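Coordinate analysis (summary)
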Amino acid sequence: MALRTILEFPDPRLRTRAQPVTRFGNEVRRLIDDMLETLYHAPGIGLAATQIDVHQRLIVIDVSESHNEPLVLINPEIVAREGSTRTEEGCLSVPGIFDAVSRAARVRVRAQERDGTVFERDCADLLAVCVQHEMDHLEGRLFVDHLSSLKRERIRKKLEKERKIQSRRDVPATRSAL
Ligand code: NI
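Described below are features of the structure shown in this document.

Calculation notes
- Residues numbered from 1 in each chain as written.
- Predicted model: local features only at pLDDT ≥ 70, side-chain atom pairs only at ≥ 80, totals over all residues.
- Heavy atoms only, no water.
- Pairing = 2+ DSSP bridges.
- Helix = DSSP H or I, 4+ residues; strand = E, 2+ residues; numbered from the N terminus.
- Axes fitted to C-alpha atoms, helices over the stretch in contact; angles between N-to-C directions.
- Contact = heavy atoms within 4.5 Å.
- Donors = N, O, S within 2.8 Å, 3.2 Å for Na, K, Ca; no water.
- Core = buried A, V, L, I, M, F, W, Y, C linked by side-chain atoms within 4.5 Å.
- Buried < 20%, exposed > 50% of the residue type's maximum accessible area, 1.4 Å probe, protein only.
- Expected span 1.5 Å × (residues − 1).
- 1 Å grid on protein atoms, 1.4 Å probe; cavity = no way out; pocket = protein on both sides within 12 Å on 5 of 7 lines; lining within 4 Å.
- Points joined across faces, edges and corners; volume = space filled by probe spheres on them.
- Nonpolar A, V, L, I, M, F, W, Y, C, P; charged D, E, K, R; others polar.
- Patch = residues over 30% accessible without salt bridge, like charges linked within 9 Å, V, L, I, M, F, W, Y side chains within 5 Å.
- Areas by Shrake-Rupley, 256 points an atom, 1.4 Å probe, with all protein chains shown as cover.
- Salt bridge = Lys/Arg side-chain N within 4 Å of Asp/Glu carboxyl O.

Right, let's get into the sheet that holds strand β6 (residues 106-112). Ordered by their spatial adjacency, 5 strands build an open sheet running β1-β2-β3-β6-β7, and the pairing between neighbours is antiparallel. Both outer strands of the open sheet, β1 (46-48) and β7 (118-124), are each paired with one neighbouring strand and no more. Ignoring which end each strand starts from, the neighbouring axes of this sheet average 40° apart. As defined by bridge partners, β1 adjoins strand β2 (residues 58-61) across 3 bridges and the pair is classed as antiparallel. The residue of β2 that forms the bridge with A48 is I59. Taken strand by strand, helix α1 (residues 26-41) contacts β1, β2 and β3 (71-82), and its axis lies near 40° from that of β2.

Each protein donor to the nickel ion is listed here as C91 (SG), H133 (NE2) and H137 (NE2); together their distances run 2.1 to 2.2 Å. Site description for the nickel ion: donor spacing in sequence, C-x41-H-x3-H. Residue C91 is located in strand β4 (residues 85-91), and its partner H137 is located in helix α2 (residues 125-138); the two are separated by 46 residues in the primary sequence.

Once that is clear, we can look at the nonpolar core. By size, the foremost hydrophobic cluster in this structure holds 18 residues, and its most contacted members are I59, I61, L73, C123 and V131. Residue assignment for this core shows that the elements contributing at least two residues are β2, β3, β6, β7 and α2. With 6 residues, α2 is the largest single contributor of residues to this core. With near-sequence residues (within four places) excluded, I59 lies in contact with M35, L47, A48, L71, V72, L73, P76, E134, M135 and L138. Formed by 15 residues, the second largest nonpolar core is a distinct cluster that contains I32, M35, V60 and V72.

Attention shifts here to the pairing of strand β5 (residues 94-103). Inspection of the sheet shows β4 paired to β5 by 6 bridges, in the antiparallel sense. Residue pairing in the sheet places T85 in a bridge with R103 of β5. Taking the residues between adjacent antiparallel strands as the criterion, β4 and β5 are bridged by 2 residues.

This part takes up α1. In this model, α1 (16 residues) spans 22 Å end to end at C-alpha, consistent with the 22 Å of a helix rising 1.5 Å per residue. Restricting attention to buried positions, one finds in α1 the residues V28, L31, I32, D34, M35, L36, T38 and L39. Residues of α1 that are buried in the fold lie against β1, β2 and β3.

Let's shift gears to the layout of surface pockets. Here the largest pocket defines a volume of roughly 340 Å³. Taken together, 22 residues form the lining of the largest pocket, with I45, E89, G90, C91 and H133 sitting closest to its centre. Those elements that provide at least two residues to the lining of the largest pocket are β4, β5 and α2. Of all the elements, α2 adds the most residues to the lining of the largest pocket, at 6 residues. Of the residues in the lining of the largest pocket, the class split is 11 nonpolar, 8 polar and 3 charged.

With that settled, consider a nonpolar patch on the surface. A cluster of nonpolar residues, I45, V63 and L126, forms a patch on the protein surface that exposes about 200 Å² of accessible area. Tracing the sequence through the fold places I45 in the loop between α1 and β1.

Below you can see the structure in the form of structure tokens.
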């Protein structure tokens, strides 16, 4: 298993539309293991392959408090949706930013397991929100796309500024001692 690097907004690679998974062999199993390790390490509750620059329709989620109930969704589709809810969302690709987004309150998702078996699952509450958020990633969409363009621009600038501060800190002492 290996930790993967998570792309951050506004990286254009996050805008890539993912392709269906067609082969259910060792490669996809390794990818799922890496994604789960990356998710638990972050830590987060959901990760789409898009976020680690792998453009396949694959999501891992764990909304349990004990972090031991992983849900793997390959080629997910929402087959039914009901109600609406407004939830404060965050994203590993948009670090430190949280804002309210409206989604369906309940969804029924059809997906494949790691061995290719098709299953359906009814999702409510945080799990329903998470499924919709992660499926957005597979379409190249981010939760900030649900906010106003003014807010999105403010977020982009804030993250840019934080990254600059971070990279100054990363400069080794010998290089800054001119
Ligand atoms: Ni996200």
